[in-house]
Amino acid sequence: SNNNNSIDERLLAICKVLEEHIDYYNWVGFYFRNGDKEELLLGPYVGEPTDHTVIPFGKGICGQVAVSNENFVVPDVSAQDNYIACSITVKAEIVIPIFVNGKNIGQIDIDSNTPDPFTEADERFLEFVCSQVSNILE
Ligand code: SME
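Overview of the structure.

The rules behind each value
Residues numbered from 1 in each chain as written. Predicted model: local features only at pLDDT ≥ 70, side-chain atom pairs only at ≥ 80, totals over all residues. Heavy atoms only, no water. Near = heavy atom within 4 Å. Polar contact = N/O pair within 3.5 Å; in protein donor to acceptor, adjacent residues only side chain to side chain. Helix = DSSP H or I, 4+ residues; strand = E, 2+ residues; numbered from the N terminus. Nonpolar A, V, L, I, M, F, W, Y, C, P; charged D, E, K, R; others polar. Buried < 20%, exposed > 50% of the residue type's maximum accessible area, 1.4 Å probe, protein only. Pairing = 2+ DSSP bridges.

Here we take up the site of the ligand. As a matter of local geometry, the ligand sits amid W27, Y31, I55, G60, I61, C62, Y83, I84, C86, E93, D109 and D111. Contact distances for the ligand include 2.9 Å between a nitrogen atom and a side-chain N or O atom of E93. Here D109 contributes a side-chain N or O atom positioned 3.4 Å from an oxygen atom of the ligand. Secondary structure elements with two or more residues in the shell around the ligand: β1 (27–33), α2 (60–68) and β6 (103–112). At three residues, α2 tops the list of elements feeding residues into the shell around the ligand. Here the residues of the shell around the ligand sort into eight nonpolar, one polar and three charged.

Let us look at the pairing of strand β5 (residues 92–100). Taking burial as the measure, the nine residues of β5 include eight buried ones, the bulk of the element. Alignment of strand β4 (residues 72–74) against β5, held across three bridges, turns out to be antiparallel. Residue pairing in the sheet places V74 in a bridge with E93 of β5. The pairing of β5 with β6 spans nine bridges and is classified as antiparallel. Directly across from P97, in β6, lies its bridge partner Q107. Connecting the antiparallel pair β5 and β6 is a turn made up of two residues, with N101 showing a positive phi of about 50°.

This is the structure we're talking about:
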């Protein structure tokens, strides 16, 4: 699709419903690959504004998922050495990649103020959310 305004509205609505209905989802946002560059750009999100609107591949949890193509569940962000802090209230993070036609084109990123809150059920649920986002984008 070429209707980016509509896509961003739909992605923002997904962020809102997740943040509102799941108490340990405290910051919910999307990052997408910037064309052919090896960097991510912040897309629609809800929660505290972040300075990290551009993240190079490999940097932080998000940048690592851009390279690994795999889910990254972080029960305790303070135990990570390659981590970009957006807020001192964040205790845990989960990042799930989004694939379009087999290519890793971005990710959903969720921060939690609760320590170690994410289970395999969150991974399966967010993989489903990402597959629906993939359908919106392709
Ligand atoms: N913590 C992330 C950076 C993005 S903020 O969580 C919004 C990371 O380490 O990649």
